[in-house]
Amino acid sequence: MPDTKKRDKKKPAATMSNTATLAIVIMAAGKGTRLKSKRPKVLHEIGGKPLITYVVAAARQFAPAHDIYVIVGHEAASVRAAVESTDVQFVLQVEQRGTGHAIMCARSQVEGYDNILVLSGDVPLICPQTIAGLRDFHLAQEAAMTILTAAAPDPSGYGRVIRASRSSSRVKAIVEQKDLTRAQQHVREINTGIYAFATRPLFANIGKLTTRNAQGEFYLTDMASALVAAKAPVVALRADDPAEVLGANTLAELAHLDAELRSRKCSALMAEGVTIYRPETCVIDSDVEITADTVIEPFVQILGQSRIGSDCRIRSYTIISDSQIAEHVQVRPGCIIDQAHISAHAVVGPYAHLRPGSKIGEGAHVGNFVETKKTKLGRGSKANHLTYLGDAEIGDGVNVGAGAITCNFDGVNKYVTVIEDGAFIGSDATLVAPVRVGKGAYVAAGSCITHDVPADSLAFGRARQEIKEGWAKQRREKTTKK
Ligand code: UD1
Ligand code: CA
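Within each chain, residues carry numbers counting from 1 in the order of the written sequence. Lettering of chains starts at A and numbering of ligands starts at 1, both following the order in which they are written. In keeping with the predicted nature of the model, local features appear solely for residues at pLDDT of at least 70, side-chain atom pairs appear and are counted solely at 80 or more, and the whole-chain, interface and lining totals rest on all residues. Excluding hydrogens and water, the side-chain figures rest on all heavy atoms present in the structure.

J.: Got a minute to help me understand the environment of V295 in this structure?
T.: Take V295: it is sitting in strand β15 (residues 295-296). The buried category is assigned to V295, whose relative accessible area is 14%. Sequence spacing of V295 and T275 is 20 residues, and the spatial spacing of their C-alpha atoms is 4.7 Å. Two residues form a contact once any of their heavy atoms are found within 4.5 Å. In this structure, V295 is in contact with T275, Y277, C312, R313 and I314, ignoring residues within four places of it in sequence. Secondary structure elements follow DSSP: runs of H or I of four or more residues count as helices, runs of E of two or more count as strands, with numbering from the N terminus. Type-normalised accessible area, obtained with a 1.4 Å probe on protein chains alone, sets the label of each residue: buried when under 20%, exposed when over 50%, and partly exposed for intermediate values.

J.: Looking at this structure, I do not really get the coordination of the calcium ion (ligand 2). What am I missing?
T.: Six octahedrally arranged donors around a metal ideally form angles of 90 or 180 degrees; four tetrahedrally arranged donors ideally form angles of 109.5 degrees. Because no water is among the atoms considered, metal sites can look incomplete, with donors defined as N, O and S atoms within 2.8 Å of the metal, or 3.2 Å for Na, K and Ca. Donor atoms from the polypeptide that coordinate the calcium ion (ligand 2) comprise D122 (OD) and N249 (OD1), at 2.2 to 2.5 Å from the metal. Here D122, found in the loop between β6 (115-120) and α5 (128-141), pairs with N249, found in the loop between β11 (234-238) and α8 (251-271); they are 127 residues apart in sequence, far enough to count as distant. You can call N249 buried: its relative accessible area is 14%.

J.: Would you mind going over the sheet that holds strand β14 (residues 289-290) with me for this structure?
T.: To summarise the sheet geometry, strands pair through backbone hydrogen bonds and adopt either a parallel or an antiparallel arrangement. Strand pairing is assigned whenever DSSP detects at least two bridges linking the two strands. On the basis of which strands lie adjacent, the open sheet formed by nine strands has the order β14-β17-β20-β23-β26-β29-β32-β35-β38 and parallel pairing. The sheet is open, and its two borders are formed by β14 and β38 (435-437), each paired with just one other strand. Bridge count for strand β23 (residues 341-342) against strand β26 (residues 359-360) is two bridges, and the pairing is parallel. Looking at the pairing, H341 lines up with K359 of β26.

J.: Honestly, the site of ligand 1 in this entry has me stumped. Any pointers?
T.: What surrounds ligand 1 is a group of 25 residues, the closest being G30, Q93, T99, E176 and N191. Distance and chemistry together define a polar contact, namely a pair of N or O atoms within 3.5 Å, with one atom able to donate a hydrogen and the other to accept it when in protein, and with adjacent residues in sequence counting only for side-chain atoms on both sides. T99 is positioned such that a nitrogen or oxygen atom in its side chain is 2.7 Å from an oxygen atom of ligand 1. Between an oxygen atom of ligand 1 and a side-chain N or O atom of E176, the distance comes to 2.6 Å. Here the open area of atoms and residues is found with the Shrake-Rupley method and a 1.4 Å probe, where only the protein chains shown may cover a residue. Look at ligand 1: alone it shows 750 Å² of surface, and the protein chains cover 93% of it. Elements represented by at least two residues in the shell around ligand 1 include exactly α4 (99-110) and β10 (189-198). Residues belonging to the shell around ligand 1 are distributed by class as follows: seven nonpolar, 13 polar and five charged. The criterion for a residue being near a molecule or strand is simple. One of its heavy atoms has to lie within 4 Å of it. Each residue is assigned to one of three groups, with Ala, Val, Leu, Ile, Met, Phe, Trp, Tyr, Cys and Pro labelled nonpolar, Asp, Glu, Lys and Arg labelled charged, and all others, Gly among them, labelled polar.

J.: Even after reading the chapter, I still don't get the sheet that holds strand β39 (residues 442-443), so can you show me in this structure?
T.: The parallel open sheet is built from eleven strands, whose spatial order is β12-β15-β18-β21-β24-β27-β30-β33-β36-β39-β41. Looking at strand neighbours, the two that pair on one side only are β12 (275-276) and β41 (458-459), the edges of this open sheet. Summarising the sheet, strand β36 (residues 424-425) and β39 pair through two bridges and their orientation is parallel. Note on β39: the bridge partner recorded for F424 is Y442.

J.: Can you walk me through unusual backbone geometry in this structure?
T.: Of all residues except glycine, most have a negative phi; of all peptide bonds, most are trans. The omega torsion across G349 and P350 is 5°, close enough to zero to call that bond cis. Residue position: P350 is located in the loop between β24 (347-348) and β25 (353-354). A cis amide bond, omega 0°, links A433 with the succeeding residue P434. Of note, the phi angle at H328 is positive, near 50°, even though the residue is not glycine. By the element assignment, H328 lies in the loop between β20 (324-325) and β21 (330-331). What makes H328 partly exposed here is its relative accessible area of 38%. Positive phi values are uncommon outside glycine, yet H345 reaches one of about 60°.

None of this, on its own, says anything about what the molecule does.
Laid out in structure tokens, this is it:
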């Protein structure tokens with residue numbers, strides 16, 4: 001039974017249009033056999049996040065967490081972990097014997113509510129407005145069961161909704177794909193797997209479900225004919241946008257949902273003033289934030305919890321994940337930026353690799369074939385060519401020459417290189433950490449620096465050049481005589 005005391009204190013938003021109480025049940029216990037994957041279906045990702053997180057987020061838009069029940073079973077612990085932070089409730093379906101059985105398992109937790117809305121963990125694009133529309137229609141119709149349907153361009157694989165007549169909202173039955181008769185195969189109206197039920201007739205009749213069907217499971221869909229037989233009203237509401245209620249039973253369908261979600265994401269960003277050339281080529285995760293007047297060129301990926309400020313230009317073939325980029329930053333083609341932070345007016349790339357913990361200062365330049373890791377590059381500093389900077393603290397106005405590297409690893413431990421403000425590191429210098437180059441100091445090109453360099457000094461750490469006059473000429477003469 002639900003904790004009614006708790007619910008009385010904070011009236012759920014879901015019941016605003018009516019005083020009837022409402023629970024949301026999300027079915028997510030299945031294995032997803034048709035995906036042929038070790039991972040449970042609802043943990044497969046679209047837009048960079050598991051399917052189940054979208055359904056929970058949609059439910060959370062209009063019902064408090066304590067009225068949302070997620071049914072878990074296959075790999076229950078990992079499914080739980082994916083949404084636990086939202087504080088929703090869980091129902092354990094130990095054996096997965098079908099969608100009807102899933103609801104039987106939730107009975108003791110939800111039968112105290114007046115109505116329940118049932119969502120599918122593998123139908124992730126559902127909008128809160130559509131769920132609210134279903135609830136309102138269900139309450140207005142005083143139905144025992146209301147089925148959200150859609151006119152699918154390709155109905156194969158879905159259960160079909162058999163209406164009492166063409167113009168009627170009354171439903172006679174839902175027939176699963178595998179159980180369709182020849183005549184029923186022409187029905188294009190599909191069951192979305194999303195329903196509203198009046199709790200009392202649902203649980204009064206749920207015992208009538210049987211496993212006498214093609215899959216030997218208790219089908220929740222059979223509640224339609226069971227309720228009709230009990231003279232309880234069963235109605236259908238057609239969703240406006242069939243794309244919103246598509247399921248993911250195969251990896252091809254999952255890819256389709258992912259593309260649909262990302263296309264919506266690009267449209268939303270463009271509507272907010274972000275320029276995206278050829279959006280169909282860009283892969284932008286759901287949670288990414290980009291401010292107006294930034295330009296995203298074709299074939300860019302922006303993933304995870306990345307944030308990009310205004311007036312940036314992200315050029316083609318760049319992959320940015322979990323990174324923060326301020327305003328007026330230029331990221332040239334082919335960069336990989338992972339868990340990094342880039343300040344305003346910086347220029348990065350082409351072909352730069354900013355690894356976790358890279359902090360690029362305001363107006364700094366990181367050029368081609370430069371790799372940084374756990375490194376702070378100060379304001380206006382430059383490392384323009386072929387450099388590795390790992391575990392380094394680099395001050396402001398520092399110039400790091402081509403090919404210079406920090407040697408941060410002795411095979412066992414990592415050490416820090418400090419380069420103070422205004423220092424100049426000549427090309428091909430190797431700085432063997434732990435080591436410090438003082439303010440304004442110069443390190444000569446080709447040096448191997450193993451000792452600290454005092455401020456304002458010049459350090460040479462290389463063999464002196466020797467000249468052997470005439471050596472080459474003599475050699476030529478010797479070899480031609482032979
Ligand atoms: C279901 C419907 C079908 C509808 C389709 C819409 C049934 C019998 N069929 O079919 O009419 O067109 O959804 O997408 O309901 N689940 C459990 N426990 C179980 C079995 C499934 O929690 O024992 C969960 C799954 O994890 C999944 C959801 O219920 O999230 C739907 O199950 P699935 O096997 O995908 O049903 P479909 O065959 O797609
Ligand atoms: Ca499904």
